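Structural overview
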Amino acid sequence: MRTAAMAHQSKEPVTVPETTPTGTAAAAPAMSPRRRRRLGDATFSGIATTILVALLAVLCEIGPRAGWWGEEVLPSTSSIVASAADLLGQPQFWGDAARTSLEIGLSIVFGSVLGLLLGLVFWKLPTVGRIFEPYLVSFYAVPMVLFYPLAIVVVGINASSVVILATIMATIPVALNTTVGLNGIRPVYLKLARSLQCSPRQLLTSIALPAAAPFIVAGLRLGVVYALIGSIAMEFVTAQAGLGYRIRYLYEIFDNQTMFAYIFVVLVVSMILTALLVAVEKLLVKGRTQ
Amino acid sequence: MPVARPLTLKQRHGQFLGSIAVAFAVVLLWQIVSGLLFVVPAPARTVAVLASNLTDPDYLVDARETALAVATAFVIGTLLGGLVGLVLGLVKPVRLATEPLIVALNGVPKIVLYPILLPIFQLGGSKIVMGVLFCLFPVLINVAAGVRHIPDVYWKLARSVQASWLQTLVHIILPAIRRPLLTGLRLAVSLAVVGVVLSEFFATRYGLGRVVLQTYGHGDYPEMVATILLLIVVSFTISMLLWRWEKKVQ
């Protein structure tokens, strides 16, 4: 406090940069205590997560070496990482990854478009929305996987049967969230649109969609996650290629080492993807409210 | 789903009739498709197969096995999820430390862990553990969020009446979080079914998932569709009932 006060009093320009608090003092008011605490929380979260992951890795390294469990139950961390690194040089892995990515990517695109359209329809025609609501809510995405054996009978064991069901799984959260978001728009926004004589397209793109954006973004994130979970789960049941299929296949031919590498890669990639999606969602929603 | 105003009686009738009409339309579509594709059995045939299945003692062994596994997974999963969620909601450092990992784990296709579970929990236990893994997260996340958003006044009330821990839990916390809790339970039911049945698709001795995959292998499609129908209808009915309860609680 004293140094800051003195800096203000002194007329010499040289002393200003020398008094250390000035630089930070100028930035501090913009950064409220709450925001600073939130940053502290985020740092704490990050450090704690790193420590937890490191502990887990160490535990899994020591476990099989100390004989707490056998190598065939869960190999040591280092050997899993080594064989996962090996995997990245194999064309078969990239073939499986490409197949799974294609399925997930297509499902995300179809699911998002379909979900947004359905959400708009349910918003514009509330009666239709109410009629379909119990089905959407109860079929909340996941039990769709149970239709997979039927889908492969009808469509065949190929990427399209996975894409069809994963698309439905991705559509449901997007449609539900879009409807909730649009129904929750404050009436004053719509009044504003009317008084400005917005065209229907302007109403949609400049008012309705931005106002419902937090919900829509959350729905899209869920859609991505369900497309991912669904695609890999269905491949796991049966398929001719893909990451989920390969894990099952490797289990059946007792190639544990490669199987663990595949499981590791799937876990790491999907965890990173989920974390990224959450981060993107936070950024988007924060940018909007500020 | 937040509905802006309560529905009028007429609207509610409309919704009910409309939902029934949708169900009819789906059955009609199914009938038409079954006429076009020989692999799809007609609705009437499927229901007949289902009815005869439900009187077949062998089938009932499978059904009981799956039902028992799902129920066990649901009970363990919701208790565990509720407990962990409670701790996460109440103890901030623990929440901060584990939240990123929990969020990330929730987005993981957990079924790929099944080969790891098999040698540890054997055939009978692994599918229950898988069901627990599936249904744990929605309960955990919803309870944690619910507990965090309990107004301070409630805690003050608990302190001023000197409620014991158990009393606080039963009379303050549970009523305060009943809505997110119910949402979590609703999601957990169908997730437990999916977790168990997917595991049975992979490897098991008894269970409806095995029936589905075996009838698929034999090309006995009416039997297969009847079993899928049973699973879907049961989990659909339970989550629908829970959803209605959830809406009433609002």
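Residues numbered from 1 in each chain as written. Chains lettered and ligands numbered in written order. Predicted model: local features only at pLDDT ≥ 70, side-chain atom pairs only at ≥ 80, totals over all residues.

Which entries qualify depends on this criterion: UniProt positions are given in the numbering used here, feature names are shortened, and annotations may be inferred rather than shown by experiment.
If you check an unreviewed UniProt entry, chain B appears there as ABC transporter permease from Intrasporangium chromatireducens Q5-1. Under the heading Subcellular location (unreviewed entry), UniProt records this for chain B: "Cell membrane". Reading the Sequence similarities (unreviewed entry) entry of the UniProt record for chain B gives the comment "Belongs to the binding-protein-dependent transport system permease family."

1. So, the overall build of chain B
The criterion, for reference: In this text, helices come from DSSP runs of H or I with a minimum length of four residues, and strands from runs of E with a minimum of two, each type numbered from the N-terminal end. Any residue with 12 or fewer other C-beta atoms within 10 Å of its own C-beta is exposed, any with 20 or more is buried, and the rest are partly exposed; the C-beta atoms used are placed from the backbone.
The number of helices and strands found in chain B is 10 helices and 0 strands. Principal axes of the C-alpha set define a box for chain B whose edges measure 70 × 55 × 30 Å. Going through the 250 residues of chain B one by one, you find that 40% of them count as buried.

2. Observations regarding the overall build of chain A
Along its length, chain A carries 13 helices and 0 strands. Beginning at the N terminus, the succession of helices and strands in chain A can be written as α-α-α-α-α-α-α-α-α-α-α-α-α. Here chain A holds 290 residues, and the buried ones make up 36% of them.

3. Some points on the environment of Met 144 of chain A
Within the secondary structure, Met 144 of chain A is located in the loop between α7 (126-138) and α8 (148-154). In the structure, Met 144 of chain A is positioned 22 residues away from Ala 166 of chain A in sequence and 8.1 Å away in space, judged by C-alpha atoms.

4. Here we look at the interface of chain B and chain A
The accessible area lost on association of the parts is a frequent measure of interface size. Note the following rule: By the criterion used throughout, residues are in contact when their C-beta atoms, derived from the backbone, lie within 7 Å. Under the scheme applied, nonpolar residues are Ala, Val, Leu, Ile, Met, Phe, Trp, Tyr, Cys and Pro; charged residues are Asp, Glu, Lys and Arg; polar residues are all the others, including Gly.
With 53 residues of chain B at the interface, the matching set in chain A holds 53 residues. If you list the elements that add at least two residues to the side of chain B that touches chain A, you get α1 (9-36), α4 (92-106), α5 (114-148), α8 (178-202), α9 (208-218) and α10 (221-249) of chain B. By residue number, the principal contributor to the side of chain B that touches chain A is α10 of chain B, which donates 11 residues. Tallied by class, residues from the side of chain B that touches chain A come to 43 nonpolar, 9 polar and 1 charged.

5. Details of the nonpolar core
To keep things clear, this is the line we draw: To form a nonpolar core, buried Ala, Val, Leu, Ile, Met, Phe, Trp, Tyr and Cys residues must be joined through C-beta atoms within 7 Å.
Counting 119 residues, the largest nonpolar core has Leu 165 of chain A together with Cys 135 and Ala 192 of chain B as its most contacted members. Take this core: its biggest share by element is 19 residues, from helix α11 (residues 200-237) of chain A. In this structure, Cys 135 of chain B is in contact with Ala 73, Phe 74, Gly 77, Thr 78, Ala 188, Leu 191, Ala 192 and Gly 195 of chain B, ignoring residues within four places of it in sequence.

6. Let's talk about the UniProt feature "domain: ABC transmembrane type-1" (unreviewed entry) in chain B
When the UniProt feature table is mapped onto this chain numbering, "domain: ABC transmembrane type-1" (unreviewed entry) sits at residues 63-242 of chain B. Counting secondary structure, residues 63-242 of chain B comes out at 87% helix and 0% strand; the distance between its end C-alpha atoms is 22 Å.

7. Concerning helix α9 (residues 159-183) of chain A
Count 3.6 residues to each turn of an α-helix, and residues three or four apart come out pointing the same way. Operational definition: One fewer than the residue count of a helix, multiplied by 1.5 Å, yields its expected span.
With 25 residues, α9 of chain A ought to run about 36 Å at 1.5 Å a step, and its terminal C-alpha atoms sit 36 Å apart, in line with that. Most of α9 of chain A sits inside the fold, with 23 of its 25 residues counted as buried.

8. Examining the packing of α5 of chain B against α8 of chain B
Residue and element names in this part refer to chain B. So the rule is basically this: To define axes, lines are fitted to C-alpha atoms, for helices over the stretch in contact only, and angles between the resulting N-to-C directions are given on a 0 to 180 degree scale. An angle below 35 degrees is read as roughly parallel, one above 145 as roughly antiparallel, one from 65 to 115 as roughly perpendicular, and any other as oblique. Less than a right angle of anticlockwise turn of the near helix away from the far helix marks a crossing as left-handed, whereas a clockwise turn marks it as right-handed.
It is the contact of α5 with α8, at a shortest axis distance of 8 Å, that shows an interaxial angle of 160°. By the criterion of interaxial angle, the relationship of α5 to α8 is roughly antiparallel. The chirality of how α5 crosses α8 is right-handed. Taken together, the residues that form the contact of α5 with α8 break down as 19 nonpolar, 8 polar and 2 charged.

9. Re the UniProt feature "transmembrane region" (unreviewed entry) in chain B
Those places that UniProt annotates as "transmembrane region" (unreviewed entry) correspond, in this numbering, to residues 20-40, 67-91, 103-122, 128-147, 184-204 and 224-243 of chain B. Helix makes up 81% of residues 20-40 of chain B and strand 0%, with an end-to-end C-alpha separation of 23 Å.

10. Looking at the confidence of the model for chain B
All names here are of chain B. Spelled out, the test is: Scored from 0 to 100, pLDDT reflects the predictor's confidence in each residue.
When pLDDT is averaged across chain B, the result is 89; 97% of the residues are at 70 or more. Looking at the elements of chain B, mean pLDDT is at its lowest for α1, recorded as 87, and at its highest for helix α3 (residues 57-90), recorded as 94. Across the whole predicted complex the pTM is 0.85, and at the interface the ipTM reaches 0.87.

11. So, the packing of α9 of chain A against α11 of chain A
All names here are of chain A. As a packed pair, α9 and α11 sit with axes 7 Å apart at the nearest point and diverge in direction by 160°. Taken as axis vectors, α9 and α11 run roughly antiparallel relative to one another. Judged by the sense of rotation from one axis to the other, the crossing of α9 with α11 is right-handed.

12. Some thoughts on the environment of Ser 138 of chain A
Relative to the elements of secondary structure, Ser 138 of chain A occurs in helix α7. Residue classification places Ser 138 of chain A among the buried residues on the basis of 21 C-beta atoms within 10 Å. Leave out the neighbours within four places in its chain, and Ser 138 of chain A touches Phe 236, Ser 239, Met 240 and Trp 243 of chain B.

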